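Given next are the chains, with one letter for each unit.
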Amino acid sequence: MCGIIGYVGSRPCEELILGGLERLEYRGYDSAGIALLDDDGFRTVRAVGNLAELRKAAGAPVSQATMGMGHTRWATHGRVTQANAHPHSDVSGRITVVMNGIVENYARLRSQLQDQGVVFLSETDAEVIPHLLARHDDGDLVAAMRATVAELEGHF
Ligand code: GLU
């Protein structure tokens with residue numbers, strides 16, 4: 001079972017998110033990652049193994065980001081690799097996602113997206129989500145999320 005933590009607020013949140021993931025360690029995981037929204041976009045760091053590896057990969061916490069998220073992964077679809085660790089992004093890098101659970105119909109969605117020219121960077125079921133969100137996003141992210149969830153549930 002994976003763990004997810006997110007923060008939106010006024011404090012620099014890198015340490016807050018890493019500390020939060022440590023509190024979720026008891027749930028078990030095989031890899032982990034964080035994404036912080038800095039002035040020039042998302043900074044994503046992922047690592048295989050325990051959170052000490054993620055801290056090592058992230059380096060000294062210098063980010064002033066006040067919005068971010070973290071994920072501990074328990075792989076169900078795709079090997080335990082850095083590329084398969086969450087967060088996952090759309091092609092533009094504007095949308096970044098972590099997910100807990102399984103996208104049951106991901107194979108069909110993945111091949112539809114590939115037919116439309118989307119290049120996947122991981123083997124996970126989760127990566128369909130940022131690409132679907134990007135395709136549905138015309139400025140209303142809530143509507144894009146609703147349309148994406150409907151697709152994940154196989155409604156169209
Ligand atoms: N199915 C997703 C994956 O394999 C998420 C697994 C989890 O809940 O950690 O990446």
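Quick note: structure is the one above.
Fair warning: this is a prediction, and the values are worked out from it, not measured in the lab.

Draft legend 1. Here's a closer look at the pairing of strand E3 (residues 41-48). Relative to E3, strand E2 (residues 31-38) runs antiparallel, the two sharing eight bridges. Opposite Ala35, over in E3, you have Thr44 as the bridge partner. Between E2 and E3, which follow one another and run antiparallel, lie two residues.

Draft legend 2. Fine view of the site of the ligand. Lining the immediate environment of the ligand, one finds 13 residues, of which Arg73, Trp74, Thr76, His86 and Gly101 sit closest. At 2.7 Å from an oxygen atom of the ligand is found a side-chain nitrogen or oxygen belonging to Arg73. The fraction of the free accessible surface of the ligand (300 Å²) that becomes covered by protein chains is 98%. Per-class residue counts for the shell around the ligand are four nonpolar, seven polar and two charged.

Draft legend 3. Summary view of the nonpolar core. Ile17, Leu21, Ile34, Leu36, Leu51 and Leu54 are the most contacted members of the largest nonpolar core, which totals 16 residues. The set of elements that each furnish at least two residues to this core consists of strand E1 (3-8), helix H1 (14-23), E2, E3 and helix H2 (51-58). Val97, Val103, Leu109 and Leu133 belong to the second largest nonpolar core, which has 14 residues in total.

Draft legend 4. Broad picture of the state of the cysteines. All told, the structure shown has zero disulfides when counted by the stated rule. Considering cysteine sulfurs only, Cys13 is the nearest to Cys2, which forms no disulfide, with 18 Å between them. With a relative accessible area of 0%, Cys13 lands in the buried category.

Conventions used here
- What you see as residue numbers is a count from 1 along each chain, following the sequence as written.
- Whole-chain, interface and lining totals are the exception, using all residues; otherwise, since this is a predicted model, local features are given only for residues with pLDDT of at least 70 and side-chain atom pairs are given and counted only at 80 or more.
- The basis for every side-chain value is the complete set of non-hydrogen atoms in the structure, without hydrogens or water.
- In this analysis, strands are considered paired if DSSP registers two or more bridges between them.
- The helix count covers DSSP runs of H or I at least four residues long, the strand count covers runs of E at least two residues long, and both are numbered beginning at the N terminus.
- A cutoff of 4 Å decides nearness: a residue is near a molecule or strand if any of its heavy atoms lies inside that distance of it.
- Definition of a polar contact: a pair of N or O atoms within 3.5 Å, with one able to donate and the other able to accept a hydrogen when the atoms are protein atoms, and with sequence-neighbouring residues admitted only if both atoms are side-chain atoms.
- Accessible areas in this description were obtained via Shrake-Rupley with a 1.4 Å probe; residue shielding takes into account the shown protein chains only.
- For this classification, Asp, Glu, Lys and Arg are treated as charged, while Ala, Val, Leu, Ile, Met, Phe, Trp, Tyr, Cys and Pro are nonpolar and the rest, including Gly, are polar.
- Here, nonpolar core means buried Ala, Val, Leu, Ile, Met, Phe, Trp, Tyr and Cys residues that are tied together by side-chain atoms lying within 4.5 Å of each other.
- Exposure classes here rest on a 1.4 Å probe applied to the protein chains alone. A residue is buried below 20% of its type maximum, exposed above 50%, and partly exposed in between.
- Pairs of cysteine sulfur atoms within 2.5 Å are identified as disulfides in what follows.

It is worth stressing that arrangement in space is one thing and function is another; only the former is reported here.
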